[in-house]
Amino acid sequence: MNVMVCSLVLWSWDAYAIAASDHALLYRDLLRLLAMLFATPVIWLLGGPLVASLSDQWQTGRLTTDGLLLTGVLAAFVYSVASVCLGGAHIYFEVSCMILLAVTLGRWLEAEGKQKAMQSLQSLRNLLPQAAHVVQPDGQLQLTELSQVVE
């Protein structure tokens, strides 16, 4: 959230054409450094699982959208770091943070949904009877344990 606040202040700077005094430029540079400082742990913590997943996928020869996400996040982050260090005009730390946050939140919600679905299925499985009546080829019913019933 701190990255977003710094970015919003910097965006309002451009929108309202604030005069470029020495104090204003110092404040702008401070906000840019703070955004980089706050974004770095987010990239490290939330991007780490993406890197690990991409590494596993690379070894198995199966690629998903993790590579695309990681490319976008790293492009925004590296460009922003270069912009801060070289005195460029724009930074995009909030983009990389928000993409990672949205992906992480989405995956967490998906995992929660799967877990609740599995719990519901287990509850339904517990309601199944222990034995079933199976029709034999001669037409008679035979009581058989459920574990021995095959389709």
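What counts, and at which threshold
Residues numbered from 1 in each chain as written. Predicted model: local features only at pLDDT ≥ 70, side-chain atom pairs only at ≥ 80, totals over all residues. Heavy atoms only, no water. Helix = DSSP H or I, 4+ residues; strand = E, 2+ residues; numbered from the N terminus. Expected span 1.5 Å × (residues − 1). Buried < 20%, exposed > 50% of the residue type's maximum accessible area, 1.4 Å probe, protein only. Contact = heavy atoms within 4.5 Å. Polar contact = N/O pair within 3.5 Å; in protein donor to acceptor, adjacent residues only side chain to side chain. Core = buried A, V, L, I, M, F, W, Y, C linked by side-chain atoms within 4.5 Å. Salt bridge = Lys/Arg side-chain N within 4 Å of Asp/Glu carboxyl O.

**Some points on helix α3 (residues 66–86)**
- Compared with an ideal rise of 1.5 Å per residue, which puts 21 residues at 30 Å, α3 spans 29 Å between its outermost C-alpha atoms and is within 8% of the ideal.
- Taken together, the buried positions of α3 are occupied by Asp-66, Gly-67, Leu-70, Val-73, Ala-76, Phe-77, Ser-80, Ser-83 and Val-84.
- On the buried face of α3, the contacting elements are α2 (22–60) and α4 (93–126).
- Positioned one or two residues after α3, Gly-87 has a phi angle of 75 degrees, which is positive.

**Digging into the side chain of Ser-7**
- Relative to the helices and strands, Ser-7 is located in helix α1 (residues 2–15).
- One polar contact links Ser-7 to Glu-94, side chain to side chain, over a distance of 2.8 Å.

**Thoughts on the nonpolar core**
- If you look at the biggest cluster of nonpolar residues, it comprises 19 residues, and the most contacted ones within it are Ala-39, Ile-91 and Phe-93.
- Those elements that provide at least two residues to this core are α1, α2, α3 and α4.
- When residues in this core are grouped by element, the largest group, seven residues, is from α2.
- Beyond its immediate sequence surroundings of up to four residues, Ala-39 is in contact with Val-3, Phe-77, Phe-93 and Cys-97.

**Focus on the pattern of salt bridges**
- Applying the stated criterion to the full structure yields three salt bridges.
- When the shortest N-O distance is used, the salt bridge between Asp-66 and Arg-107 registers 2.3 Å. Here the residue Asp-66 occupies a position in helix α3, and Arg-107 occupies one in helix α4, the gap between them amounting to 41 residues.
- A relative accessible area of 37% places Arg-107 in the partly exposed class.
- Salt-bridge contacts for Glu-110 lead to Lys-114; the nearest nitrogen and oxygen are separated by 3.6 Å. Separated by four residues within a single helix, Glu-110 and Lys-114 lie in helix α4, roughly one turn from each other.
- A relative accessible area of 53% means that Lys-114 is categorised as exposed.

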